Structure formats: structure tokens, C-alpha cells
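Descriptive structure summary
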Amino acid sequence: VSTVYIVRDGKVLLVWNKNVGSFIPTGGHIEENELPCESVVREAKEESGFDIEIIGDSEVGKEVISKTGAKRVFLPQNFMIGLDVIKPGHHHINLTYVGKITGGKELENSDEGDALKWFSLDELMSSEEIFENIKKEAKEAIRLMNKYLDNKK
């Protein structure tokens, strides 16, 4: 699976997930022949209505051809890899990214009818509806976005 913390103006967008009873980042299962970085762009659009771009290194998209003709394309770097133990024998490897909005229009609810909500850092830390690991990751996503924007100045 892959997830993305969408950050704008120092706030992070999370979606209510009724299955786990918490606000979590947008994301989901990676489809066949889809890269994780493509998956989060698709999932963000489906769940939030926003077009996003994964923030990252300026080398993203660069292609290098070896002497043998093999091609390497630099992909956006995820900021975390986690193991989600759904239940015994059912695990997800979760690649997590940070994204910025490039277009689209925010949906009132996600594609599954769940609530979308923007959280400031203070709201994140004080919410009882967000798991502690999500709070920590969202805080890091806000920090990474601020660093990214500072470097763009």
C-alpha cells in the first residue's frame, strides 16, 4: 500500500477511516503495473479531489542510461516505510509520501463517503481521534513540507 500526507499552509489533510476508527492519510492498495508514487497521486484524487505532486529531490524524473542500454529513472522518495499488521497473516508494506496540491477541488467527503478534515499541528497533537503514530508522521510531513518550501525560496 502507499499513503500520502497532503500538506497545505501548515496543515495536513486526513480522512476518517471507519474501519480503524481514526483519521488517517489518503492512500490505499497499489494497483497492478502501478508504482507506489503513482498510486498515491491516484488515491489522493479519488479520496480528496485534489491533484497532488509528491515533494522531493530535484533529481526526480531524471533518466540515466547505462552502457548496456538499461535505463534508470529517479522516482520520488518516500519518507517512511512501515509494516501494518492488519491481522495475523495479513500485513501491508506501507510506503508513505508527502504531497502538495497542484490543482483539483476538495471533495466534501472522500470517495467512500468519509469525512475529510484539515489539522494544524496543535489540532493534531490534541485530537483523540488520531492514532499516535499518525500524529508523529503528520508532524514530520508538515516539517518536511516547510523545509521543502524554504528551499524553494
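What comes next concerns the included structure.

Conventions adopted
Residues numbered from 1 in each chain as written. Predicted model: local features only at pLDDT ≥ 70, side-chain atom pairs only at ≥ 80, totals over all residues. Heavy atoms only, no water. 1 Å grid on protein atoms, 1.4 Å probe; cavity = no way out; pocket = protein on both sides within 12 Å on 5 of 7 lines; lining within 4 Å. Points joined across faces, edges and corners; volume = space filled by probe spheres on them. Helix = DSSP H or I, 4+ residues; strand = E, 2+ residues; numbered from the N terminus. Nonpolar A, V, L, I, M, F, W, Y, C, P; charged D, E, K, R; others polar. Phe/Tyr/Trp six-rings, centres within 6.5 Å; stacked < 30°, edge-to-face > 60°. Buried < 20%, exposed > 50% of the residue type's maximum accessible area, 1.4 Å probe, protein only.

In this section: the layout of surface pockets. The calculated volume of the largest pocket comes to roughly 910 Å³. In this structure, the largest pocket is lined by 35 residues; those nearest its centre are Asn-17, Val-20, Ile-24, Asp-84 and His-92. Looking at the lining of the largest pocket, the elements that each hand over two or more residues are strand S1 (2-8), strand S2 (11-17), strand S4 (26-28), helix H1 (36-48), strand S8 (80-87), strand S9 (90-104) and helix H3 (132-152). Here the lining of the largest pocket takes 5 residues from S8, the largest share from any one element. Split by residue class, the lining of the largest pocket holds 12 nonpolar, 14 polar and 9 charged.

In the structure shown here, the tally under the stated rule is 4 aromatic pairs. Pairing Tyr-5 with Phe-79 gives two aromatic rings, centres 6.2 Å apart and planes at 55°, and the pair type is tilted. Linking Tyr-5 in strand S1 with Phe-79 in the loop between strand S7 (71-73) and S8, this pair joins segments that are 74 residues apart in sequence. With a relative accessible area of 0%, Tyr-5 lands in the buried category.

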